[in-house]
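Below, each chain spelled out in residue letters.
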Amino acid sequence: MPNVELRTLTRDEVRMLSGHERGVSARGVFGLDDLDKYKSVVTIDIPETLEAITPSFVQGLFGKSFLHLGDKSKFLEHYKFSGPEFLIEDFL
């Protein structure tokens, strides 16, 4: 099962992920265009050191995934989130 570690972006130094362009850039870093097509579940690990994730970052990171997968339920079947619950809610 593929795993996307957001810690790769934060290096435990950044407390907030923000900005549409940064989300789009992160999408490329993690190869989400390919992971959208992957046949099994993809896990997104959110580090405990994060304090906030903005909607614009989420849109940049996963906007194309929603379009590819078709709807929220298919998105949530394909991508599973682990980490602080209050941050997981930012992705839903």
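All of these numbers come straight from a predicted model, not from anything done at the bench.

With that settled, consider the overall build of the chain. Helix and strand content of the chain: six helices and five strands. Based on the C-alpha atoms only, the size of the chain along its principal axes is roughly 35 × 25 × 20 Å. In the chain, the share of contacts with a sequence separation of at least 24, taken over all contacts with a separation of at least 6, comes to 82%. Of the roughly 5,300 Å² that the chain leaves accessible, carbon and sulfur atoms contribute 53%.

Within the secondary structure, Tyr79 is located in strand S5 (residues 79–82). For Tyr79, a relative accessible area of 0% corresponds to the buried category. Sequence-wise, Tyr79 and Asp36 are 43 residues apart; in three dimensions their C-alpha atoms are separated by 8.8 Å. Excluding its chain neighbours within four sequence positions, the residues that come into contact with Tyr79 are Leu32, Leu35, Asp36, Val42, Ile44, Phe62, Ser65 and Leu69.

This part is about the pattern of salt bridges. Using the criterion set out here, one finds four salt bridges in the structure. Where Arg7 meets Asp12, a salt bridge forms, and the shortest distance between an N and an O atom there is 2.9 Å. Classification of Asp12 by relative accessible area gives partly exposed; the value is 33%. With a closest N to O distance of 2.9 Å, Asp33 and Arg27 form a salt bridge.

Before going further, it helps to spend a moment on helix H4 (residues 55–69). The sharpest bend along H4 comes to roughly 50 degrees, located at Phe62. Immediately downstream of H4, the backbone of Gly70 shows phi near 105 degrees, a positive value.

Residue Arg11 is not a glycine yet carries a positive backbone phi of 50 degrees. Along the chain, Arg11 turns up in the loop between helix H1 (7–10) and strand S2 (16–17). Assessed through its relative accessible area of 62%, Arg11 is described here as exposed.

The rules behind each value
Residues numbered from 1 in each chain as written. Predicted model: local features only at pLDDT ≥ 70, side-chain atom pairs only at ≥ 80, totals over all residues. Heavy atoms only, no water. Helix = DSSP H or I, 4+ residues; strand = E, 2+ residues; numbered from the N terminus. Contact = heavy atoms within 4.5 Å. Areas by Shrake-Rupley, 256 points an atom, 1.4 Å probe, with all protein chains shown as cover. Buried < 20%, exposed > 50% of the residue type's maximum accessible area, 1.4 Å probe, protein only. Salt bridge = Lys/Arg side-chain N within 4 Å of Asp/Glu carboxyl O. Bend = angle between axes of the 7 residues up to and from the residue.

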